[in-house]
Amino acid sequence: MSESLFDQASERLAAAIVHVDISEDAIERLKSPKACLQVSIPVRMDDGTLKVFQGYRVRYNDLRGPTKGGVRFHPSVNMDEVKSLAFWMTFKCAAVNLPFGGAKGGVAVDPKQLSKAELERLSRGYINAIADFMGADVDIPAPDVQTNQTIMGWMVDEYSNIQRKLCPAAITGKPIAMGGSLGRETATGLGAFFAIETLLPLLKMQREQTTVAVQGFGNVGAAIADLLSKSGYKVVAVSDSKGGIYAKQGLDIPSIISYKNSTKSFQAVYCQDSVCSIVEHQTITNDELLELDVDILIPAALENQITKDNAANIRAKYIFEIANGPVTPAADAILAKRNIIVFPDILINAGGVTVSYFEWVQNRSGLYWTVEEVNERLKQSMVAETMRIWQIANQKQISVRTAAYVHALMRLNEVIEAKGTRAYYAR
Ligand SMILES: NC(=O)c1ccc[n+]([C@@H]2O[C@H](COP(=O)([O-])OP(=O)(O)OC[C@H]3O[C@@H](n4cnc5c(N)ncnc54)[C@H](OP(=O)(O)O)[C@@H]3O)[C@@H](O)[C@H]2O)c1
Ligand SMILES: N[C@@H](CCC(=O)O)C(=O)O
């Protein structure tokens, strides 16, 4: 039987615990989620029929604070995936020292097939179904794949209606007009950018000589491609779910973003005279993008992209995981043998949840920050945690991924020790 995504996620824990002085009881506690909820969401479709969608919310662990994590709308969402994503959120929040535990949610749906009104009814229906499971001090949803600010706005409005009071801190990634934070939409890309910039001199690389390929051109993929190309890196390839484009001399990312926003696809991006200058380029598949000869490969789409089947063909020197779980443990082993360094998701994509934390703090205090304040605090956190994890990897001679888990486990262990045996039992 093939390994489940959660089995793969759990292997990360097993690899790290041998490097941390942590009790057997604590490890046992961290191996399973606190609570898993599956709900049926009935939605009236525009044609009058009723469709029932399956929704999920997993609260993995709340030792360090209320559970936190996004909501994904995608046809492949299932309990195994949501549980794995909630596990990663637990270690991510600890790795960057946020006072949160980990959670995740999702609905098995192709949102591209829904009208705007159907999407709103589904989003509100999801919150209705999980309302007793969430709250500003309990569990705080946010955006993830194919969910966005607009959807978070509907969700927080629905939750506030159910509670009969405004509850802005119950959901992050909201529209600014509803208490969202400046800087949240670009935070994941910017956080990854700060981590890359911190590591670049340590890896003895220079921006202008660094080629980059980015898989996935949504909220986070487009943001990192834009930030890197504006800072002088040569972004030579990008892709979306339908395929990608490659240009040896580098791509014009701002015009690709406006083209993608207007057409929802990359096809023939450089053939539109009205959109951008004609640049020699070729179309490539997502598999080809992953195997390009570049300095930095950034998977920013879905999990399980680099596996034992293609790890031997990867030619990038460094992989920065912005997607959650894009490299499997079996691929990690092959990449390590080939001296390809993987900078892990629980560090590299932590900028999004970090600014979600800032949003939650602003909602609770009622004092709102400028975008400069938000980005400066994000920078301080990403630089400090990246440096610390890099030091642990070098001191212990372990992979950067294992170092990130060790760093997170040490913080989780502190709270376990502080709470005593009480930490092992559900509230
Ligand atoms: N949003 C956040 O705050 C956040 C924070 C941390 C981590 N992440 C993680 O980052 C990843 C992307 O999230 P997102 O928010 O950017 O989602 P998104 O806005 O929905 O974008 C996803 C992108 O991936 C593309 N894609 C989908 N399936 C693909 C495939 N099989 N091959 C190649 N590309 C594919 C999509 O193509 P189309 O454009 O054609 O649909 C889209 O461009 C996820 O792993 C998510 O968990 C997100
Ligand atoms: N979905 C994002 C953001 C979560 C949040 O902001 O709570 C992640 O995977 O980190």
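These numbers were taken from a predicted model, which means no experiment stands behind them.

## Some points on the sheet that holds strand E4 (residues 101-108)
Move 1: Strand order in the open sheet formed by five strands is E1-E2-E4-E3-E5, with mixed pairing between adjacent strands. In the strand order of this sheet, the two ends are held by strand E1 (35-44) and strand E5 (139-143), each with one partner. Going across the sheet, the axis of each strand differs from the next one's by a mean of 25 degrees, ignoring polarity.
Move 2: Judged from the ten bridges that link them, E1 and strand E2 (residues 50-61) form a sheet pairing that is antiparallel. If you follow Gln38 over to E2, its bridge partner there is Tyr56.
Move 3: Set on the sheet, helix H3 (residues 79-95) makes contact with E1, E2, strand E3 (67-74) and E4; between it and E4 the angle comes to about 150 degrees.

## Some details on the side chain of Asn363
Move 1: With respect to the helices and strands, Asn363 occurs in helix H12 (residues 351-365).
Move 2: Each residue touching Asn363, except ones within four places of it in the same chain, is listed here: Pro168, Ala169, Lys174, Gly179 and Tyr368.

## Concerning the site of ligand 1
Move 1: Of all residues adjacent to ligand 1, which total 24 residues, the nearest are Lys112, Asp144, Ser241, Lys260 and Asn324.
Move 2: One nitrogen or oxygen atom from the side chain of Lys112 is found 2.7 Å from an oxygen atom belonging to ligand 1.
Move 3: Within the side chain of Asn324, one N or O atom sits 2.8 Å away from an oxygen atom of ligand 1.
Move 4: For ligand 1, whose unbound accessible area comes to 890 Å², protein coverage reaches 87%.
Move 5: In the shell around ligand 1, the residues fall into eight nonpolar, ten polar and six charged.

## Structural notes on H12
For an α-helix the count is 3.6 residues per turn, leaving residues at separations of three or four pointing the same way.
Move 1: Between its terminal C-alpha atoms H12 stretches 21 Å, which fits the 21 Å expected from 15 residues at 1.5 Å a residue.
Move 2: Counted residue by residue, H12 has eleven buried out of 15 residues, so it is predominantly covered.
Move 3: Those residues of H12 lying buried are Gly351, Gly352, Val353, Thr354, Val355, Ser356, Phe358, Glu359, Trp360, Gln362 and Asn363.
Move 4: Against E3, H3, E5, helix H6 (187-199) and helix H13 (371-396) lie the buried residues of H12.
Move 5: Looking one or two residues past H12, Gly366 carries a phi angle of roughly 80 degrees, positive in sign.

## Observations concerning the sheet that holds strand E9 (residues 282-284)
Move 1: Pairing is mixed across the open sheet formed by seven strands, whose spatial order is E9-E8-E7-E6-E10-E11-E12. The two strands at the open ends of the sheet, each matched to only one other strand, are E9 and strand E12 (341-343). The mean angle between the axes of side-by-side strands here comes to 20 degrees, regardless of whether they run parallel or antiparallel.
Move 2: By the bridge criterion, four bridges tie strand E6 (residues 211-215) to strand E10 (residues 296-299) in an arrangement that is parallel. Opposite Val214, over in E10, you have Ile298 as the bridge partner.

## What about the pattern of salt bridges?
Move 1: Enumeration according to the criterion identifies 24 salt bridges in this entry.
Move 2: Across the pair Lys104 and Asp144 runs a salt bridge, and its minimum N-O distance is 3.0 Å. In this pair, Lys104 is assigned in strand E4 and Asp144 in the loop between E5 and helix H5 (149-163), connecting sequence segments 40 residues apart.
Move 3: Residues Lys174 and Glu359 are paired through a salt bridge, measuring 2.7 Å at the closest nitrogen-oxygen approach. Of this pair, Lys174 sits in the loop between H5 and H6 while Glu359 sits in helix H12, placing them 185 residues apart in sequence. Here Lys174 matches Glu359 in class, with each residue buried.

## So, the site of ligand 2
Move 1: Close contacts around ligand 2 come from 14 residues, with Lys68, Lys92, Pro143, Asp144 and Ser356 the closest.
Move 2: Between ligand 2 and Lys68, the relevant distance is 2.8 Å, taken from an oxygen atom to a side-chain nitrogen or oxygen of the residue.
Move 3: In this structure, Asp144 approaches ligand 2 through a side-chain N or O atom, which is 2.8 Å from a nitrogen atom.
Move 4: When isolated, ligand 2 has an accessible area of 290 Å², and the protein chains bury 95% of it.
Move 5: Counting only elements with at least two residues in the shell around ligand 2, the list comes to E3, H3, E5 and H12.
Move 6: A per-class count over the shell around ligand 2 returns four nonpolar, five polar and five charged.

## A word on the pairing of E4
Along any regular strand, the residues point their side chains to alternate faces of the sheet.
Move 1: With respect to burial, E4 is a largely interior element, seven of its eight residues being buried.
Move 2: Judged from the six bridges that link them, E2 and E4 form a sheet pairing that is antiparallel. Across the sheet, residue Arg57 finds its bridge partner in E4, namely Gly105.

Analysis parameters
- Residues numbered from 1 in each chain as written.
- Chains lettered and ligands numbered in written order.
- Predicted model: local features only at pLDDT ≥ 70, side-chain atom pairs only at ≥ 80, totals over all residues.
- Heavy atoms only, no water.
- Pairing = 2+ DSSP bridges.
- Helix = DSSP H or I, 4+ residues; strand = E, 2+ residues; numbered from the N terminus.
- Axes fitted to C-alpha atoms, helices over the stretch in contact; angles between N-to-C directions.
- Contact = heavy atoms within 4.5 Å.
- Near = heavy atom within 4 Å.
- Polar contact = N/O pair within 3.5 Å; in protein donor to acceptor, adjacent residues only side chain to side chain.
- Areas by Shrake-Rupley, 256 points an atom, 1.4 Å probe, with all protein chains shown as cover.
- Nonpolar A, V, L, I, M, F, W, Y, C, P; charged D, E, K, R; others polar.
- Expected span 1.5 Å × (residues − 1).
- Buried < 20%, exposed > 50% of the residue type's maximum accessible area, 1.4 Å probe, protein only.
- Salt bridge = Lys/Arg side-chain N within 4 Å of Asp/Glu carboxyl O.

Treat this as a map of the structure, not an account of what it does.
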